[in-house]
Structure formats: C-alpha cells, structure tokens
Amino acid sequence: MVKDDAETAALKTELNELIEKTKEESKKQADCKLTEKCGDMGAVPKCHLTTKKTLKGHINKVNSVHFAGDSRYCVSGSLDGKLIIWDTWTGNKVQVIPLRSSWVMSVAYSTSGNFVACGGMDNMCTIYDVNNRDASGNAKIVRELAGYEGFLSSCRFLDDRHILTGSGDMKLCVWDLEAGKKTSEVTAHGGDVVSLSLSPDGNQFVTGSVDRTCKLWDVRDCKQIQTFFGHTSDVNSVIFHPSGYAFATASEDKSARLFDIRSDQQIGHYDPPNKTSGFTSCALSLSGRMLLCGSDDNNIHVWDTMTAQHNSSLGGHDNRVTSICMAPNGMALASSSWDQAVRVWV
C-alpha cells in the first residue's frame, strides 16, 4: 500500500478531526433517546409474515428485486442473465427478459409499470419497455446509458422519463431517458455508492456508501443537504421512512439504524440476536413501526423501530438474502436470495 505524503496525511487527519467534531456537536443536540421516550409503549404483536409464493425460474443467484407501483408485479435480476417480471398474486412469470450481461446487481420497476431498468458489472444502465417487443419478441430496449467508470450499484425511476443511478465510481447521475443524456452528475461519496432511496414525495433521496456514511440529496439538482455518520462499515442499503422525515439503514457492521432528518440524528440502533452476519438490505412497514433487514444468515430480521426490540426472524431462504422490497401498499414483502428463488411474504 502506497504511503500518503505529508500533505495528504495532514488533510486526512484534519478531515477525521472535523468528522469527530461534527459527531460531538450532533450528540449535544440529542436531548433524549427514542427508546427512552417509547419505553412505556405496548409491544407490537410478533410479525407472522409467511411465504405466500415461492417464485422459481432463475437458475443462478438472484441479486435484486423491486415492486412496481401497483404492488402486484415485481421484477427480479439474476446472474443467470435474465430479468423476470412476476405476477406476485398468482406466482406466474409475466415476461422473461434476456440480458446482454449476466452480472446484474440492481433492478428497478417504474411506478407506472411501463419500464424496468437494470445494471451491474457491465458499467451500464439498461432500460426496457415492458409493453413493446423487439424483433425477437423480447421487451424492447429503450436506452443503454453508458459512461460509468464503475459498476452500476443502484437505480430508481423518478418517473417514466427520468432515472437516478448510483455507481462504483462514487457518482450519482440523473438521466433524461428521452434524450439519453445526463441532466445531473455529482461525485457523491468517498467510496462506491451502494444504495439509494427516494422520499415519498419524490423531492429528495438518500444514499448509502462503502465510505460508511449516508447522505441526503435534493432531486432537482443533486445538491447535498446532509451527511449522516454512525456506521462502522459499508452501508449496504437505505430506505426512506413513509413519513419522509427519517430513513433506515442496513450495514455490513451487523447493525441497522434509524436516522431522523429534522434533528440530524441517529435515533435508533438495531442488533440481531446473534451478531454473526452483516445486513444486505432493508425495508420498512407502511406505518414505519416495523423495520425488516435481509441478512447473510439467510433470514430476514424484524424489529420494532420505536422500542428497538427484536421482534422476529423470517426463515425460508436457503442462502444469503440479497434484496428485500416492501410493496407500495404495504401488504406484501418480496425477497431475493442466492438460493435462486424470490419469495413473496404476506
């Protein structure tokens, strides 16, 4: 490893001191803890989500799953080089979309249900129109968004004409899909951007990174609003709270956390019964009371966000849970795994 020169070492020291000072100033503003204020709240019933459908069709690890806005259809991406669109009510495949690269890491379904997107180690975001077919009968490619210097780690549609992406080159980009051009590009983190989540009103989004921080952004110009510290390892997943005033995170440091945007504070810390595995993904119930995290231990862990009590573990997958997604109506949860299956929990 190359040793830093004196100037770089001094700048790193100064930066670390500023970060610690920021943390200390933040702590001074924290007049109480969420668990203290909610200690007298009644316990929520144990989460009894069960697998309603096991969606089988992929023949390799499934890395990502995402619901459409209608809460019925979802898309999954696998290392078998396929996207599959599922009807989660019947368990049937709606479409199978062959990919040019099998190294897919992230998928996204537009709220309208008209488009799906994917990307990964091909350093590209590809958009498909699920309502139109090409000459071979597959979903038509609308755009191939190239120009990344790292893998595409995350993507979410802002609407049918714009998409937001995060990548391994530490950048965030907003693309105009009709023009096929970037409308915004910013170096967002000091490491790979791993995950992003849009606020309920669509005006803000939050990102998580391997630099152990989370950041809040304005959608319109990709302007940074806040930085949140706390995790000691990669932040693998972020999800906005339904209220729009907070967000939850899942990390490689074997913890999940809840951050309040208005007070610029971490207000919740959630540990599993056995701290042996990191968390890959997270989701919140429609009320925001329950936090769910997919884990390397093949389970989905559930907490009461108010009391920080571990509520239950959802078992069923036979390998690492890679991605979870709550249906927009809050009535179902989809999960993907290295066991090659997608499960729908109700």
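Refer to the structure presented above.
Quantities reported herein were computed from a predicted structural model and do not represent experimental measurements. (Residues numbered from 1 in each chain as written. Predicted model: local features only at pLDDT ≥ 70, side-chain atom pairs only at ≥ 80, totals over all residues. Heavy atoms only, no water.)

Colleague: Hey, could you run me through the overall build of the protein chain in this one?
Modeller: When its secondary structure is counted, the protein chain shows two helices and 28 strands. A compact globule built from 346 residues should have a C-alpha radius of gyration of about 20 Å, and the protein chain, at 20 Å, falls within 12% of that. Taking the principal axes of the C-alpha coordinates as reference, the protein chain spans close to 60 × 50 × 40 Å. Looking at the 346 residues of the protein chain, the share that counts as buried comes to 50%. Accessible surface computed for the protein chain: about 16,000 Å², of which carbon and sulfur atoms make up 48%. Distance between charge centres in the protein chain, computed from 36 positive and 41 negative side chains, equals 4 Å. (Helix = DSSP H or I, 4+ residues; strand = E, 2+ residues; numbered from the N terminus. Rg over C-alpha atoms; globule rule 2.2 N^0.38 Å. Buried < 20%, exposed > 50% of the residue type's maximum accessible area, 1.4 Å probe, protein only. Areas by Shrake-Rupley, 256 points an atom, 1.4 Å probe, with all protein chains shown as cover. Lys, Arg positive; Asp, Glu negative; His and termini not counted. Charge placed at Lys NZ, Arg CZ, Asp CG, Glu CD.)

Colleague: Teacher, can you tell me more about the packing of aromatic side chains here?
Modeller: Aromatic ring pairs: the centre-centre distance and the angle between the two ring planes describe each pair. Under the criterion given, the structure shown has seven aromatic pairs. Relative to Trp217, the ring of Phe205 lies with its centre 6.2 Å away and its plane at 10°, an arrangement referred to as stacked. One end of the pair, Phe205, is in strand 15 (residues 204-209); the other, Trp217, is in strand 16 (residues 214-218), with twelve residues separating them in the sequence. Overall, the relative accessible area of 0% leaves Phe205 in the buried class. (Phe/Tyr/Trp six-rings, centres within 6.5 Å; stacked < 30°, edge-to-face > 60°.)

Colleague: How should the environment of Ala68 be read in this particular structure?
Modeller: Mapped onto the elements, Ala68 comes out in the loop between strand 2 (62-67) and strand 3 (73-78). Taking the C-alpha atoms as reference, Ala68 lies 9.0 Å from Asn114; in sequence the two are 46 residues apart. Aside from chain neighbours lying at most four places away, what touches Ala68 is Tyr73, Cys74, Tyr109, Ser110, Thr111, Gly113 and Pro328. (Contact = heavy atoms within 4.5 Å.)

Colleague: Would you mind going over the sheet that holds strand 7 (residues 115-120) with me for this structure?
Modeller: The four strands lie next to each other as 6-7-8-9, forming an open sheet whose pairing is antiparallel. Pairing within the sheet leaves two strands with one partner each, and these edge strands are strand 6 (104-109) and strand 9 (139-145). The average angle at which neighbouring strand axes cross in this sheet is 25°, direction not considered. Both strand 7 and strand 8 (residues 125-133) contribute to a ladder of five bridges, which runs antiparallel. (Pairing = 2+ DSSP bridges. Axes fitted to C-alpha atoms, helices over the stretch in contact; angles between N-to-C directions.)

Colleague: I would appreciate a short explanation of unusual backbone geometry in the present structure.
Modeller: Trans is the prevailing form of peptide bonds, just as negative phi is the prevailing case for residues other than glycine. For Ser71, which is not glycine, the phi torsion reads 65° and is therefore positive. Tracing the sequence through the fold places Ser71 in the loop between strand 2 and strand 3. With phi around 55°, Asp264 is a residue other than glycine that occupies positive phi space. Along the chain, Asp264 falls in the loop between strand 20 (256-260) and strand 21 (265-270).

Colleague: Whenever I open this one, the sheet that holds strand 18 (residues 235-240) confuses me. Can you help?
Modeller: Where strands meet in a sheet, backbone hydrogen bonds hold them as pairs that are either parallel or antiparallel. Spatial strand order, 18-19-20-21: four strands in an open sheet with antiparallel pairing. Either end of the sheet is taken by a strand with one partner, and the two such strands are strand 18 and strand 21. Neighbour-to-neighbour, the strand axes of this sheet turn through a mean angle of 25°, independent of strand direction. The pairing of strand 18 with strand 19 (residues 246-251) spans five bridges and is classified as antiparallel. In the sheet register, Ile239 faces strand 19, and the bridge partner there is Ala248.

Colleague: Got a minute to help me understand the side chain of Ser312 in this structure?
Modeller: Mapping Ser312 onto the fold places it in strand 25 (residues 310-314). Residue class for Ser312 comes out buried when judged on its relative accessible area of 5%. Of the polar contacts made by the side chain of Ser312, one reaches the side chain of Asn311; its length is 3.1 Å. When neighbours within four sequence positions are excluded, Ser312 is seen to be in contact with Lys46, Cys47, Ile300, His301 and Val302. (Polar contact = N/O pair within 3.5 Å; in protein donor to acceptor, adjacent residues only side chain to side chain.)

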